[in-house]
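Examination of the molecular architecture
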Amino acid sequence: MIPVSATPSYAAQVASAGFAVVPEALSAVQAGELRDLLTPAVSSEAPVSAGTRNLLQIRQVAELAVSDAILNLIEPILGPEPRPLRAIWFDKQHGANWKVPFHQDLTMPLQERREVEGFTAWSVKEGVPHVRPPISVLERMLAVRLHLDDCGPDNGPLRVLPGTHTLGRLKPPQVAQLVAQTPEESLLVAVGDAILMRPLLLHASSPAASPNHRRVIHIEYLSGPLPGGLRPPDWRAQIER
Ligand SMILES: O=C(O)CCC(=O)C(=O)O
């Protein structure tokens, strides 16, 4: 487990690069237990595509999301009491070996729809209202990607363009220019490692050359209040088992 005293350097890395890789955020035993729990649970519920939502419904994932180990990692970045918004399962494998072009993550889930200035592009995904919040809200969000398998160059790792999280919301020509000009980094990790990532960081992933499992629990957090009575999902109320 990472000592709390080591976490401020992750905050500095996330501030400058938009991401940080945290070795051994989970022990091998924890990662194995989560693989055993989630692999059958998720694959029996939904066809596996480029991500399955609402993993916070599963008690062990919700408890992990608010565990001291994870909160100690992210509080130096987001401030006190970050709230988990959603948790997504990404398992790249035979039959679900997707590619995602460079993009920013621009949406968030909410409890209900309310018209509030700056919150646009409402949609409903799996019954949950989603919205594109203003940049000032996206800048208070962070994703924690917990890797349950080793992810080497052949497993379709996350690719990032360091520093692009500071550029606000980017239009397609700006993305194309940044992709052409910015040296990208592939984030190769071992089982149990975590990637901390700002949603505005340009990121992509390619199909795996060797599509063994590449299981990731991707948890998104928000710190601070929302305007106009908007409410983030209540993760406690969602727990089903
Ligand atoms: O895990 C992946 O392959 C893609 C993740 C991604 O694109 C995202 O989180 O928006």
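Residues numbered from 1 in each chain as written. Predicted model: local features only at pLDDT ≥ 70, side-chain atom pairs only at ≥ 80, totals over all residues. Heavy atoms only, no water.

1. Some thoughts on the sheet that holds strand 4 (residues 108-109)
The strands that make up a sheet pair up through hydrogen bonds in the backbone, lying either parallel or antiparallel. Across the sheet, which stays open at both edges, the 3 strands sit in the order 4-6-5 with antiparallel pairing between neighbours. Here the strands that pair on one side only, and so sit at the sheet edges, are strand 4 and strand 5 (120-125). Judged from the 2 bridges that link them, strand 4 and strand 6 (residues 128-132) form a sheet pairing that is antiparallel. Residue Pro 109 lies in a different strand from strand 6, and its bridge partner there is His 130. (Pairing = 2+ DSSP bridges. Helix = DSSP H or I, 4+ residues; strand = E, 2+ residues; numbered from the N terminus.)

2. Regarding the site of the ligand
Near the ligand the following residues occur: Phe 90, Lys 92, Trp 98, Val 100, His 103, Asp 105, Arg 145, His 203, Ser 205, Arg 214 and His 218. Here an oxygen atom of the ligand sits 2.9 Å away from a polar atom, N or O, in the side chain of His 103. Taking Arg 145, its side chain carries an N or O atom lying 2.8 Å from an oxygen atom of the ligand. A total of 290 Å² of accessible area belongs to the ligand in isolation, and the protein chains cover 93% of it. For the shell around the ligand, the elements supplying multiple residues, two or more each, are strand 2 (83-92), strand 3 (100-103), strand 11 (203-205) and strand 12 (214-222). Classifying every residue of the shell around the ligand by side-chain character gives 3 nonpolar, 4 polar and 4 charged. (Near = heavy atom within 4 Å. Polar contact = N/O pair within 3.5 Å; in protein donor to acceptor, adjacent residues only side chain to side chain. Areas by Shrake-Rupley, 256 points an atom, 1.4 Å probe, with all protein chains shown as cover. Nonpolar A, V, L, I, M, F, W, Y, C, P; charged D, E, K, R; others polar.)

3. Here's the deal with the nonpolar core
Core analysis: the biggest nonpolar cluster contains 37 residues, and Leu 38, Leu 55, Leu 146, Leu 196, Ile 217 and Tyr 221 have the highest contact counts within it. Per-element tally for this core: the top contributor is helix 4 (residues 68-78), with 6 residues. Each residue touching Ile 217, except ones within four places of it in the same chain, is listed here: Leu 34, Leu 38, Leu 55, Val 61, Leu 64, Ile 88, Trp 89, Val 144, Arg 145, Leu 146 and Leu 148. Within the second largest apolar cluster, 15 residues are counted, among which are Met 108, Trp 122, Val 131 and Leu 138. (Core = buried A, V, L, I, M, F, W, Y, C linked by side-chain atoms within 4.5 Å. Buried < 20%, exposed > 50% of the residue type's maximum accessible area, 1.4 Å probe, protein only. Contact = heavy atoms within 4.5 Å.)

4. Quick word on the sheet that holds strand 3
Ordered in space as 3-11-8-9, the 4 strands form an open sheet in which the pairing is antiparallel. Strands with a single pairing partner mark the edges of an open sheet, and in this sheet they are strand 3 and strand 9 (185-187). Along the sheet, successive strands turn relative to each other by an average axial angle of 25°, direction set aside. Inspection of the sheet shows strand 8 (residues 158-160) paired to strand 9 by 3 bridges, in the antiparallel sense. Bridge pairing in strand 9 places Val 160 opposite Glu 185. (Axes fitted to C-alpha atoms, helices over the stretch in contact; angles between N-to-C directions.)

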